[in-house]
Amino acid sequence: MPSLVDDPLPMSDVFQVILDSLLARNTERPQTFDEYVAAARRRAALDGSSHQMASMKTDTKAAVRAIRMLDNATPEQVAEFRAQFELKAAEKFAADRAEEKAKADREARQLDEQKKQSINRVLAATMEKIGRRYHGCLIGNYRAETPEQKLVVSMSRDYCEHMAANVEQGRNVVMFGSVGTGKDHILAAMLRAACVLGMRPYWINGMSLFQELRATMGDGGDESETAVKSRCANAEIFAISDPVPPASAVTGWQATALFEILDHRYRHQRPTWVTMN
């Protein structure tokens, strides 16, 4: 069986053996020549006479070859290897970091695109639910003619500018006024602003809510009463238009249902936005 000394490697191939080992690594900083040699010596720590090249793993064999050849190299050759190694190590380190950054940038772009798609889906669903009339509603295109309307615009804009903090703190919004004054315009604009920030508001009309709850009574309902209430009670933002019927007062049953929803939201600091006549 050939021994280590019987398995010569041309001096011209030593540097390539070292580089092959280097290029298989991905370190947090450029590796120095001395660090490589020390690591290779540890890997190749052998009893010389009791180990044969044929029985070694490929990476250990390469390390042994490189170390044996370096031990037989002239000081000038070692100095040349050192200079070339550290140049290539720096280049490899820079290439690794560039690839890591490019990968991170790709992943960030993918996440941004996924987030945009999610925002667009939530926004489209919210606007579809509230109705086509309100699709283009913005706080900026609301026509405030009275001092009261101008105050509402100012307060709504301020709420939207600090949306994340207001939602986190569970700050509610109640807009009260006569029919046709633009309460739902402002509400739709605020819902849009919340969606754009990646939030998931839930809007419903008061009469629709009570119809959904009524539909849960008896057999054959698509949802349970608990499910309907839970959707409203646990929404990140719950927006309800006209919880009080325009032509009459709420019934005891309706008031109880609303209380359960709003009390749950109050206790858990979840904001509720309401428009009322």
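What this report covers is the structure whose coordinates are included nearby. (Residues numbered from 1 in each chain as written. Predicted model: local features only at pLDDT ≥ 70, side-chain atom pairs only at ≥ 80, totals over all residues. Heavy atoms only, no water.)

## As for the layout of surface pockets
Here is step 1: Approximately 440 Å³ is the volume found for the largest pocket.
Here is step 2: What lines the largest pocket is a set of 22 residues, among which Val152, Met155, Ser156, Val174 and Met175 lie closest to the centre.
Here is step 3: For the lining of the largest pocket, the secondary-structure elements that each account for two or more residues are α5 (147-161), β1 (173-176) and α7 (183-196).
Here is step 4: In terms of residues, the lining of the largest pocket owes the most to one element, α5, which gives seven residues.
Here is step 5: Of the residues belonging to the lining of the largest pocket, the class tally is 10 nonpolar, eight polar and four charged.
Here is step 6: Within this model, the second largest pocket holds a volume of roughly 280 Å³.
Here is step 7: Lining the second largest pocket are 15 residues, with Gly180, Thr181, Gly182, Lys183 and Asp184 positioned closest to its centre.
Here is step 8: If you tally residues by element for the lining of the second largest pocket, the top one is α7, at three residues.
Here is step 9: Per-class residue counts for the lining of the second largest pocket are three nonpolar, eight polar and four charged. (1 Å grid on protein atoms, 1.4 Å probe; cavity = no way out; pocket = protein on both sides within 12 Å on 5 of 7 lines; lining within 4 Å. Points joined across faces, edges and corners; volume = space filled by probe spheres on them. Helix = DSSP H or I, 4+ residues; strand = E, 2+ residues; numbered from the N terminus. Nonpolar A, V, L, I, M, F, W, Y, C, P; charged D, E, K, R; others polar.)

## So, the nonpolar core
Here is step 1: Grouped together as the largest cluster of nonpolar side chains are 27 residues, with contacts concentrated most on Tyr159, Met163, Leu187, Met190, Leu191 and Trp273.
Here is step 2: Taken together, the elements giving at least two residues each to this core come down to α4 (75-130), α5, α6 (163-168), β1, α7 and β3 (237-241).
Here is step 3: Among the elements that take part in this core, α7 stands out by supplying eight residues, more than any other.
Here is step 4: Filtering out sequence-adjacent residues up to four positions away, Met190 remains in contact with Ile139, Ser156, Tyr159, Cys160, Met163, Val173 and Trp273.
Here is step 5: Phe210, Leu213, Cys232 and Ala233 belong to the second largest nonpolar core, which has 15 residues in total. (Core = buried A, V, L, I, M, F, W, Y, C linked by side-chain atoms within 4.5 Å. Buried < 20%, exposed > 50% of the residue type's maximum accessible area, 1.4 Å probe, protein only. Contact = heavy atoms within 4.5 Å.)

## What about the pairing of β3?
Here is step 1: Most of β3 is tucked away: five of the five residues are buried.
Here is step 2: Neither face of β3 is left uncovered, since the one carrying Ile237, Ala239 and Ser241 and the one carrying Phe238 and Ile240 both have all their residues buried.
Here is step 3: Note: strand β2 (residues 201-205) against β3, five bridges, orientation parallel. Across the sheet, Ile204 pairs through a bridge with Ile240, a residue of β3.
Here is step 4: Sheet topology note: the β3/strand β4 (residues 272-276) ladder contains four bridges and is parallel. Following the sheet pairing, Ala239 is matched in β4 by Trp273.
Here is step 5: The parallel pair β3 and β4 is bridged by helix α10 (residues 252-267), and the resulting crossover is right-handed. (Pairing = 2+ DSSP bridges. Right-handed = clockwise from strand over helix to strand, strands pointing away.)

## Describing α10
Here is step 1: The end-to-end C-alpha distance of α10 is 22 Å, a good match for the 22 Å that 16 residues give at a rise of 1.5 Å each.
Here is step 2: Residues of α10 that are buried: Gln254, Ala257, Leu258, Ile261 and Arg265. Axial view of α10: buried residues confined to an arc of 95 degrees, hence all on one face. For α10, exposure combined with an orientation more than 90 degrees from the buried face picks out Gly252, Phe259, Tyr266 and Arg267.
Here is step 3: The secondary structure elements touched by the buried residues of α10 are α8 (206-215), α9 (225-233), β3 and β4.
Here is step 4: The first or second residue beyond α10 is Gln269, which carries a positive phi of 55 degrees. (Expected span 1.5 Å × (residues − 1). Arc of directions from axis to C-beta.)

## Considerations on the pattern of salt bridges
Between side chains of opposite charge, a pair can form as their charged atoms come close.
Here is step 1: Within this structure, the stated rule accounts for 10 salt bridges.
Here is step 2: A salt bridge links Arg231 to Glu223; the shortest N-O distance between them is 2.6 Å.
Here is step 3: For Glu223, a relative accessible area of 35% corresponds to the partly exposed category.
Here is step 4: Here the salt bridges do not stand alone but share partners, grouping Glu212, Glu223 and Arg231 into one network. (Salt bridge = Lys/Arg side-chain N within 4 Å of Asp/Glu carboxyl O.)

## Structural notes on unusual backbone geometry
Here is step 1: Of note, Asp242 is a non-glycine position whose phi angle comes to about 55 degrees, a positive value.
Here is step 2: Residue position: Asp242 is located in the loop between β3 and α10.
Here is step 3: Accessibility expressed as a relative area gives 17% for Asp242, which makes it buried.
Here is step 4: Positive phi, close to 55 degrees, is recorded for Gln269, a residue that is not glycine.

## A few points about α9
An α-helical segment advances 3.6 residues per turn. Residues three or four places apart therefore align on the same side.
Here is step 1: All of the buried residues in α9 are Val228, Lys229, Cys232 and Ala233. Viewed along the axis of α9, the buried residues span an arc of 125 degrees, placing them on a single side of the element.

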